[in-house]
Amino acid sequence: MNWNIWTIWMLTSSLLLMKETTATPLMNFAGNKIGGNNKVQAYTGVRFRDEDYDASGFDPSEDVHKCAKGSTFCEKIENYPSTEVTSILSETNKYSELFGSDSVNTMTISNRFGEEDDEEQLCESQIRLVYPQAGLTRDNTWRYIVNQQNYTQGIRVDECVHTRQCNMMHQLPFGLKSHCKQKYVYRQLVAIDEDGYTVKDLFKIPSCCQCVLIRTHGRF
């Protein structure tokens, strides 16, 4: 009888001990469960990524056609993930040195025919300060650019007013014609990649409007 009581007590104690050790899952420093069917989530220093994370939430490709209209950037993009971007940036101070705005002379934010009275540009251009929310990268893919609230990147762009014949180019030799052509530079900006991480990437930015000559018949 005493042996049966001892056996029952031992079994009961074992069950209670198992319940204590399994009822509350072990949590890592990020507050994520460890063990069972829950895998440890790696901390990247920027954000946590869930197993069922939908990467399509950080791909602006479907929306850029509504705002780009032939440009390499969008200043305001529909469905910009503002809440997610704020959450991502709140977890890191990476790339903070890239936030801010270019210095642009407000007198030149207009169509330029010449910066001096005795000068005239062959191609008219417009200089302005923009805050793009999406842009075309060096790899010819679209990405979200960080631009909202306290996280802004103002960049100077110089865009052609038109791409027709250059000014004062009406008397060119036979076989030549001219037109204004938009030129670009690659500018490093803070962006959000397709997996939802902050990255530095190079974006194609309008830099000047250049007059070019095209040969239409034979040699000069």
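Residues numbered from 1 in each chain as written. Predicted model: local features only at pLDDT ≥ 70, side-chain atom pairs only at ≥ 80, totals over all residues. Heavy atoms only, no water.

## Structural notes on the pairing of strand S11 (residues 198–215)
Then, number 1: Note: strand S10 (residues 176–192) against S11, 17 bridges, orientation antiparallel. Across the sheet, residue Val 190 finds its bridge partner in S11, namely Lys 200.
Then, number 2: Counting the residues that bridge the hairpin from S10 to S11 gives five residues, and of these Gly 196 lies at a positive phi of roughly 85°. (Pairing = 2+ DSSP bridges. Helix = DSSP H or I, 4+ residues; strand = E, 2+ residues; numbered from the N terminus.)

## Focus: the layout of surface pockets
To find the voids left in a structure, one rolls a probe of water-molecule size over its atoms.
Then, number 1: Considering only enclosed or pocket space, the largest pocket measures out at about 220 Å³ in volume.
Then, number 2: If you go around the largest pocket, you meet 16 residues; those closest to its centre are Gly 70, Ser 71, Thr 72, Phe 73 and Glu 159.
Then, number 3: Sorting the residues of the lining of the largest pocket by element identifies strand S3 (73–74), strand S9 (153–160) and S10 as the ones contributing at least two each.
Then, number 4: A breakdown of the residues in the lining of the largest pocket according to their chemical character gives seven nonpolar, five polar and four charged. (1 Å grid on protein atoms, 1.4 Å probe; cavity = no way out; pocket = protein on both sides within 12 Å on 5 of 7 lines; lining within 4 Å. Points joined across faces, edges and corners; volume = space filled by probe spheres on them. Nonpolar A, V, L, I, M, F, W, Y, C, P; charged D, E, K, R; others polar.)

## Things to note about helix H3 (residues 82–89)
Then, number 1: Within H3 the residues assigned to the buried category are Val 85, Ile 88 and Leu 89. Buried residues along H3 cover an arc of 90° about the axis, so they all sit on one side. (Buried < 20%, exposed > 50% of the residue type's maximum accessible area, 1.4 Å probe, protein only. Arc of directions from axis to C-beta.)

## Structural notes on the confidence of the model for the protein chain
Then, number 1: When pLDDT is averaged along the protein chain, the result is 75; 67% of the residues meet or exceed 70.
Then, number 2: Low confidence marks residues 15–53, where pLDDT is under 50. Its contacts with residues over four positions away, or in another chain, come to 47 contacts. (pLDDT = per-residue confidence, 0-100. Contact = heavy atoms within 4.5 Å.)

## A closer look at the environment of Thr 137
Then, number 1: Mapping Thr 137 onto the fold places it in the loop between strand S7 (134–136) and strand S8 (142–145).
Then, number 2: Given a relative accessible area of 2%, Thr 137 falls into the buried group.
Then, number 3: Here the alpha-carbon distance between Thr 137 and Tyr 186, two residues 49 residues apart in the chain, equals 8.2 Å.
Then, number 4: Setting aside residues no more than four positions away along its own chain, Thr 137 makes contact with Arg 143, Tyr 186, Asp 201, Leu 202 and Phe 203.

## Quick word on the environment of Glu 78
Then, number 1: Here Glu 78 is to be found in the loop between S3 and H3.
Then, number 2: Since its relative accessible area comes to 44%, Glu 78 is described here as partly exposed.
Then, number 3: Among all residues touching Glu 78, those that are not within four sequence positions of it are Asp 63 and Lys 66.
Then, number 4: Among the polar contacts made by the side chain of Glu 78, one reaches the side chain of Lys 66 at a distance of 3.2 Å. (Polar contact = N/O pair within 3.5 Å; in protein donor to acceptor, adjacent residues only side chain to side chain.)

## Details of the sheet that holds S8
Then, number 1: Within the open sheet, the five strands sit side by side as S3-S7-S8-S10-S11. Their pairing is antiparallel. Each edge of the sheet is formed by a strand with only one pairing partner; in this case those strands are S3 and S11.
Then, number 2: As judged from the two bridges shared by S3 and S7, these two strands associate in the antiparallel manner. The residue of S7 that forms the bridge with Phe 73 is Gly 135.

## Some thoughts on the state of the cysteines
Then, number 1: The tally for this structure, following the rule as stated, stands at four disulfides.
Then, number 2: Two residues, Cys 160 and Cys 209, share a disulfide whose sulfurs are 2.0 Å apart. Classification of the bridge connecting Cys 160 and Cys 209 rests on its S-S torsion, roughly 105°, and on that basis the disulfide is right-handed. Separated by 49 residues along the polypeptide, Cys 160 in strand S9 and Cys 209 in strand S11 bring together distant segments of the chain. For the pair shown, Cys 160 and Cys 209 are each scored as buried.
Then, number 3: Cys 166 shares a disulfide with Cys 211; S-S distance 2.2 Å. Because the sign of the S-S torsion sets the handedness, a value of about 110° for the bond joining Cys 166 and Cys 211 places this disulfide among the right-handed ones. One end of the pair, Cys 166, is in the loop between S9 and S10; the other, Cys 211, is in strand S11, and 45 residues separate them in sequence.
Then, number 4: Given a relative accessible area of 21%, Cys 211 falls into the partly exposed group.
Then, number 5: Once the bonded cysteines of the protein chain are numbered in order along the sequence, the disulfide links fall as 1-2, 3-6, 4-7, 5-8. (Disulfide = S-S within 2.5 Å.)

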